[in-house]
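Now for the letters of each chain:
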Amino acid sequence: VQLQAFGGGLVQAGGSLRLSCTMSISIFSVNAMGWYRQAPGKQRELVATSVTEGGTTEYADSVKGRFTISRDYANNTVYLQMNNVKLEDTAVYYCKATRTFTSYWGQGTLVTVSS
């Protein structure tokens, strides 16, 4: 199982960015998808998750109302729409897929927010 994340870059505070994570398997075959991030000197933290069964989504308090996780089943891709970004959103963002208690990670994509 391979996940490829892309879409990171430099964005000004208050701007928007969309991250993508494409999988080598069908999204229907995973139990959940998620985005995580790791800022310099900090631990990796959960940003958003999407459960396949029921379609439940959850967000970190710090991004609620600003970020949205969504799925493109036709292209086996998960997105993270980031709006009104803040300086503290600067981090390497990772996508993760969970299938039958096994987790798969994509490579990180760097998001840098400038003032």
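I will try to describe carefully the structure that is included in this document. (Residues numbered from 1 in each chain as written. Predicted model: local features only at pLDDT ≥ 70, side-chain atom pairs only at ≥ 80, totals over all residues. Heavy atoms only, no water.)

1. Digging into the overall build of the protein
Right, so step 1: The helix and strand inventory of the protein stands at zero helices and eleven strands.
Right, so step 2: When the helices and strands of the protein are listed from N to C terminus, the series reads β-β-β-β-β-β-β-β-β-β-β.
Right, so step 3: Against the globule reference of 13 Å for 115 residues, the protein gives a C-alpha radius of gyration of 13 Å, in line with a compact fold.
Right, so step 4: If one aligns the C-alpha atoms of the protein with their principal axes, the spans along those axes are about 40 × 25 × 25 Å.
Right, so step 5: Considering the protein as a whole, with its 115 residues, one finds that 42% of them fall into the buried category.
Right, so step 6: Considering only intrachain contacts with a sequence separation of at least 6, the fraction spanning at least 24 residues in the protein is 53%. (Helix = DSSP H or I, 4+ residues; strand = E, 2+ residues; numbered from the N terminus. Rg over C-alpha atoms; globule rule 2.2 N^0.38 Å. Buried < 20%, exposed > 50% of the residue type's maximum accessible area, 1.4 Å probe, protein only. Contact = heavy atoms within 4.5 Å.)

2. Structural notes on the sheet that holds strand 1 (residues 3-6)
Right, so step 1: Taken together, the four strands give an open sheet; going across it, the order is 1-3-8-7, and neighbouring strands pair in antiparallel fashion. Since the sheet does not close on itself, it has two edges, and those belong to strand 1 and strand 7 (67-72), each with one partner. Across the sheet, the mean angle from the axis of one strand to that of its neighbour is 15°, orientation sign disregarded. (Pairing = 2+ DSSP bridges. Axes fitted to C-alpha atoms, helices over the stretch in contact; angles between N-to-C directions.)

3. Description of the pairing of strand 10 (residues 102-105)
Right, so step 1: Relative to strand 10, strand 9 (residues 91-99) runs antiparallel, the two sharing four bridges. By the bridge assignment, Arg 99 is partnered in strand 10 with Thr 102.

4. Brief notes about the nonpolar core
Right, so step 1: Residues Trp 35, Leu 80 and Tyr 93 are the most contacted members of the largest nonpolar core, which totals 29 residues.
Right, so step 2: Those elements that place two or more of their residues in this core are strand 1, strand 3 (17-23), strand 4 (32-38), strand 5 (45-51), strand 7, strand 8 (77-82), strand 9 and strand 11 (109-114). (Core = buried A, V, L, I, M, F, W, Y, C linked by side-chain atoms within 4.5 Å.)

5. Concerning the packing of aromatic side chains
Right, so step 1: Applying the stated criterion to the full structure yields three aromatic pairs.
Right, so step 2: Above the ring of Tyr 79, the side-chain terminus of Arg 18 is found at 4.1 Å from the ring centroid.
Right, so step 3: The ring of Trp 105 carries the charged tip of Arg 44 above its face, separated from the ring centre by 4.7 Å. (Phe/Tyr/Trp six-rings, centres within 6.5 Å; stacked < 30°, edge-to-face > 60°. Lys NZ or Arg CZ within 6 Å of the ring centre and 35° of its normal.)

6. Regarding the state of the cysteines
Right, so step 1: Applying the stated rule across the entire model yields one disulfide.
Right, so step 2: Between Cys 21 and Cys 95 runs a disulfide, and the two sulfur atoms are separated by 2.1 Å. Residues Cys 21 and Cys 95 are joined through a disulfide that is right-handed, its torsion about the S-S bond being 60°. Residue Cys 21 is located in strand 3, and its partner Cys 95 is located in strand 9; the two are separated by 74 residues in the primary sequence. (Disulfide = S-S within 2.5 Å.)

7. As for the environment of Gly 65
Right, so step 1: On the secondary structure map, Gly 65 appears in the loop between strand 6 (57-59) and strand 7.
Right, so step 2: For Gly 65, a relative accessible area of 84% gives the class exposed.

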